[in-house]
Amino acid sequence: MSEKKQVSAKNIINETDTKLRNEYFNQYVKDVTPKNSIPKNTAKAFLVGGIICVIGQAFTNYYIYMGADEDTGKLYTTITLVFLAILLTGVGLYQKIAKFGGAGTLVPITGFANSMAAPAVEYKKEGQVFGIGCKIFTIAGPVILYGIFCSWVLGIIYYLLKLLGVV
Amino acid sequence: MDYLIAFLVGGAICAVVQILLDNTKLMPGRVMVILVCTGSVLGALGLYEPFAKWAGAGASVPLTGFGNVLFKGMKEAIDKEGFIGLFKGGFTASAVGISSALIFAYIASWFFNSKMKS
Amino acid sequence: MAEKANNQTKMMGKQSISFQNTPYIVATSSVAGKKESEGPLGSLFDIVNDDPMFGKDTWEEAESEIMKEAADKVLMKAGLANTDIRYLVGGDLLGQLIATSFGIAELKIPLFGIYGACSTMGEAMSIGAILVDGGYADRVLSITSSHFAGAEKQFRFPLDYGNQRPYSASWTVTGSGAVIITDTNHKISSSGEADVVIKGITTGKIVDYGVKDSMNMGACMAPAAFETIKQNFEDFGVQPTYYDRIITGDLGYVGAKILIDLLQSAGYDISKNHMDCGIEIFDQESQDTHAGGSGCGCSAITFASFVYKKLKTREWKRVLFVPTGALLSQVSFNEGKTVPGIAHAVVIESEG
């Protein structure tokens, strides 16, 4: 809490205009709410995310060494990482790593896997269809929808440019 | 050397996203969508592929890599099959990631129960 | 009360009631989970269960079970049977109050199911006291519950989903607290201990200062607590020092600071005698609960164990118990609505 221009509680309770009061209050809340240490969190995300990528690199190298071409090797790596992330989710470890690593566990493909496994496990009590079947997409569904849609729009642009002979 | 680059690049992407998470009220689901779409756009602009060649897993493991693969599949399908490829490429390219996540997550629901946090 | 209401009316000021046929709190019970039992109040709870499922299959059933155990326990402590209770006033955090409906079904007591988010205990005690004072009931059971896992699942993410909780986030208490409120003819006095009575209430309004951050509930609820407490002072014509303790429900560290600040600038200093159940129930350092405890169970079990005991032993003569609630749902959150708050104040004294 630095002593820069702060909204005081007095400003808030004396303000008769509701909109302005709410603005003051939100500013004040921002000032008094302790924040996560950004450098520390960033460093942890860097470390965890970096390690997951290194593990990915190790698997890719291994699959290529075993005779896969580069693209196939990467696909095998995806499967491996997804499998490991879901296993860790099942035994309750992924969530613990995520608490430490933050974005480091969210950004890699493992975060996507976790976002499917966690609701699948959580909602199984609500049934195979409405529980697991529907809820498995609650977090990851948007990723699939917008991923497909976004690439479709880009595909159309590419398709038109191709027709016009630009690319 | 490729390990070091993967660590630094992958770590850097995660670090940037962490700063985004801490400074905005963005929920994780939104962040994942942004990453995938960003990857797609960078792929379409022809920027991600050379970057991925250099950074290896540091670029392919984050969800931006998933987005890039989506567009790559789209492009290949259009090149090969024309218009209909627009409706094929995305899923073909993302098939492995999505299928493996769905299948393993479903199987996980057979064996594991939700656990209380402490 | 500083100024007794006249005989015609029990209404005080704008939002308050001063009871004339004083309702007595004759028994309390508290059921808590493992994490709560490891907190500073751990030794005071009546029943502690280390199994987060409480022997059931789902989180929702577990919460119902907690509530059932709390109801059974409070009846046992008061030496009463379910048929002795005229009304049950209760609620929880789950959608459509399923923890309450399934939890107390077997008791077969006429029910008022109420929702006030985490302020529900204040609401349940207020309505219970009104029923008793008005002569509509001789004995009322007020009860609320919450469960960490059920609340996470409903309001946030599946438990195994990897996410980071900001420092302003609170930790939903797993537990249920119950009280039995009776009229003077049915009070149970034990020698050496004070009678605990509900002197009055101040019912809160919905208060919305435009905060949208559902991970900072303390900030959403603090204005509601501020307005209710200020109204209580005005309606009863008293100063903060009138109370030995002013006990808010689950504002947590962030909300408590805001409340004290707001009241300070309105001319009321409560910094010396304010206490927050959310802050008391967990050890912030060792239990990693960030802003503190929350949920219907938080204020309920803190009152039923810690606060009630202090009143019984006359260590505190008079407290203002102010459970606070944040009124949001997944839908209102997704639709970009603000998170309004509500707070209900109950004036509780030890007598005799």
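Above this text is the structure in question.
Conventions adopted
- All residue numbers refer to position in the chain's written sequence, counted from 1.
- For naming, the first written chain is A and the first written ligand is 1, with later ones following in the order written.
- A pLDDT threshold of at least 70 governs which residues receive local features in this predicted model, and a stricter bar of 80 or more applies before side-chain atom pairs are shown or counted, although totals over entire chains, interfaces and linings include all residues.
- For side-chain calculations, the full set of non-hydrogen atoms in the structure is used, while hydrogens and water are omitted.
- In this analysis the probe radius is 1.4 Å and the grid spacing 1 Å, with only protein atoms considered; a cavity is a set of points the probe fits into but cannot get out of, a pocket is an open set with protein on both sides within 12 Å along at least five of seven lines, and lining residues have an atom within 4 Å of a point.
- Grid points are joined across faces, edges and corners, and a volume is the space filled by probe spheres set on the points.
- Going along the chain from the N terminus, every DSSP run of H or I of four or more residues is numbered as a helix, and every run of E of two or more is numbered as a strand.
- Gly counts as polar in this scheme, as do all residues outside two lists: the nonpolar Ala, Val, Leu, Ile, Met, Phe, Trp, Tyr, Cys and Pro, and the charged Asp, Glu, Lys and Arg.
- A pairing counts as a salt bridge when a side-chain nitrogen of Lys or Arg comes within 4 Å of a carboxyl oxygen of Asp or Glu.
- Three exposure classes are used, based on accessible area relative to the maximum for each residue type with a 1.4 Å probe and protein chains only: buried under 20%, partly exposed in between, and exposed over 50%.
- Given a helix with a known number of residues, its expected span is that number minus one, times 1.5 Å.
- For this analysis, residues touch if any pair of their heavy atoms sits within 4.5 Å.
- In this text, buried Ala, Val, Leu, Ile, Met, Phe, Trp, Tyr and Cys residues form a nonpolar core when linked through side-chain atoms within 4.5 Å.
- Either an automatic procedure or a domain database provided the assignment from which the domain bounds are taken.
- Buried area counts how much accessible surface, traced with a 1.4 Å probe, disappears from two parts once they are put together, with both parts' losses summed.
- Two N or O atoms count as a polar contact when they lie within 3.5 Å, although within protein this holds only if one can serve as hydrogen donor and the other as acceptor, and sequence-adjacent residues are included solely when both atoms are side-chain atoms.
- Counting rule applied: Lys, Arg positive; Asp, Glu negative; His and chain ends not counted.
- Helix axes are fitted to C-alpha atoms over the stretch in contact, other axes to C-alpha atoms as well, and angles between N-to-C directions run from 0 to 180 degrees.
- Working rule for handedness: look at the near helix, and if it is turned counterclockwise from the far one by less than a right angle, call the crossing left-handed; if clockwise, right-handed.

(A) View of the layout of surface pockets. In this structure, the second largest pocket occupies an estimated 680 Å³ of space. Lining the second largest pocket are 33 residues, and of these Asp71 and Leu75 of chain A together with Val69, Lys72 and Ala93 of chain B sit closest to its centre. Put simply, the parts of the chain that give the lining of the second largest pocket at least two residues each are helix H4 (70-90) of chain A together with helix H3 (48-55), helix H4 (57-60), helix H5 (63-81) and helix H6 (89-111) of chain B. Tallying contributions element by element places H5 of chain B first for the lining of the second largest pocket, with 11 residues. Across the lining of the second largest pocket, the residue classes tally to 14 nonpolar, 11 polar and 8 charged.

(B) Representation of the pattern of salt bridges within the structure. Per the counting criterion, the structure on display carries 23 salt bridges over all chains. Of the charged contacts, one joins lysine 10 of chain C and aspartate 133 of chain C as a salt bridge, the two residues approaching to 2.6 Å between their closest N and O atoms. Taken together, the residues span a long stretch of sequence, with lysine 10 of chain C in the segment before strand S1 (11-12) and aspartate 133 of chain C in helix H4 (residues 120-133) at a distance of 123 residues. Note on lysine 10 of chain C: relative accessible area 26%, which makes it partly exposed. Aspartate 133 of chain C sits in the buried class, given a relative accessible area of 5%. Note that glutamate 152 of chain C is salt-bridged to arginine 156 of chain C, the shortest N-O span being 2.8 Å. What emerges from the salt-bridge pattern is a single network uniting Asp71 of chain A together with Glu49, Lys53 and Lys72 of chain B.

(C) Main features of helix H2 (residues 18-32) of chain A. An ideal rise of 1.5 Å per residue puts 21 Å on 15 residues; H2 of chain A measures up with 21 Å between its terminal C-alpha atoms. Arg21, Asn22, Phe25, Tyr28, Val29, Asp31 and Val32 of chain A are the residues of H2 of chain A that are buried. Check the buried side of H2 of chain A and you find it contacts helix H1 (9-14) of chain A together with helix H6 (217-236) and helix H7 (252-265) of chain C.

(D) Focus on the environment of valine 17 of chain B. Tracing the backbone through its elements, the reader meets valine 17 of chain B in helix H1 (residues 2-23). Valine 17 of chain B sits 11 residues away from proline 28 of chain B along the chain, and the two C-alpha atoms are 10.0 Å apart. When neighbours within four sequence positions are excluded, valine 17 of chain B is seen to be in contact with Ala103 and Val107 of chain A together with Val31 and Leu35 of chain B.

(E) Highlighting the nonpolar core. Residues Ile109, Phe112 and Met116 of chain A together with Leu63 of chain B are the most contacted members of the largest nonpolar core, which totals 63 residues. Broken down by element, this core gets its largest block of residues, 8 residues, from helix H7 (residues 109-122) of chain A. Each of domain 2 (38-136) and domain 3 (140-167) of chain A gives at least three residues to this core. Those residues in contact with isoleucine 109 of chain A that lie beyond four places of it in its chain are Thr78, Leu81 and Val82 of chain A together with Val61, Leu63 and Phe66 of chain B. Counting residues in hydrophobic clusters, the runner-up holds 45 residues, among them Ala32, Leu159, Ile181 and Leu311 of chain C.

(F) Spotlight on the environment of threonine 100 of chain C. Residues and elements named next belong to chain C. Of note, threonine 100 is situated in helix H3 (residues 98-104). On the basis of relative accessibility, which here comes to 1%, the residue threonine 100 falls in the buried class. Apart from residues no more than four positions distant in its own chain, threonine 100 is found in contact with Met67, Gly90, Gly91, Asp92, Ala105 and Leu111.

(G) Inspection of the interface of chain B and chain A at higher detail. Counting residues at the interface gives 69 residues for chain B and 72 residues for chain A. Each partner contributes to the roughly 5900 Å² buried at the junction of chain B and chain A, and carbon and sulfur atoms together form 77% of this total. Where chain B packs against chain A, one counts 2 salt bridges. Across the pair aspartate 79 of chain B and lysine 162 of chain A runs a salt bridge, and its minimum N-O distance is 2.7 Å. Inspection of the chain B/chain A interface yields 15 residue pairs in polar contact (both at pLDDT 80 or more). With 17 residues, the single largest contributor to the side of chain B that touches chain A is H1 of chain B. Looking at the side of chain B that touches chain A residue by residue, the class counts come to 44 nonpolar, 17 polar and 8 charged.

(H) Representation of the side chain of glutamate 123 of chain C in the model. Residue and element names in this part refer to chain C. With respect to the helices and strands, glutamate 123 occurs in helix H4. The buried charged residue glutamate 123 lacks any salt bridge, with lysine 205 as its nearest oppositely charged partner at 16 Å. Once residues lying within four places of it in the same chain are set aside, the contact partners of glutamate 123 are Ile114, Tyr115, Gly116 and His344.

(I) Quick peek at the interface of chain C and chain B. Opposite the 15 residues of chain C that make contact, chain B presents 11 residues. Carbon and sulfur atoms make up 61% of the surface buried where chain C meets chain B, a total of about 1200 Å² over both sides. Across the side of chain C that touches chain B, the residue classes tally to 8 nonpolar, 4 polar and 3 charged.

(J) Here's a closer look at the packing of helix H3 (residues 38-65) of chain A against H1 of chain B. Remark: H3 of chain A packs on H1 of chain B, axes separated minimally by 6 Å, with the N-to-C direction vectors making an angle of 140°. Here H3 of chain A runs over H1 of chain B; the crossing is right-handed. Considering only residue class, the contact of H3 of chain A with H1 of chain B consists of 16 nonpolar, 10 polar and 2 charged.

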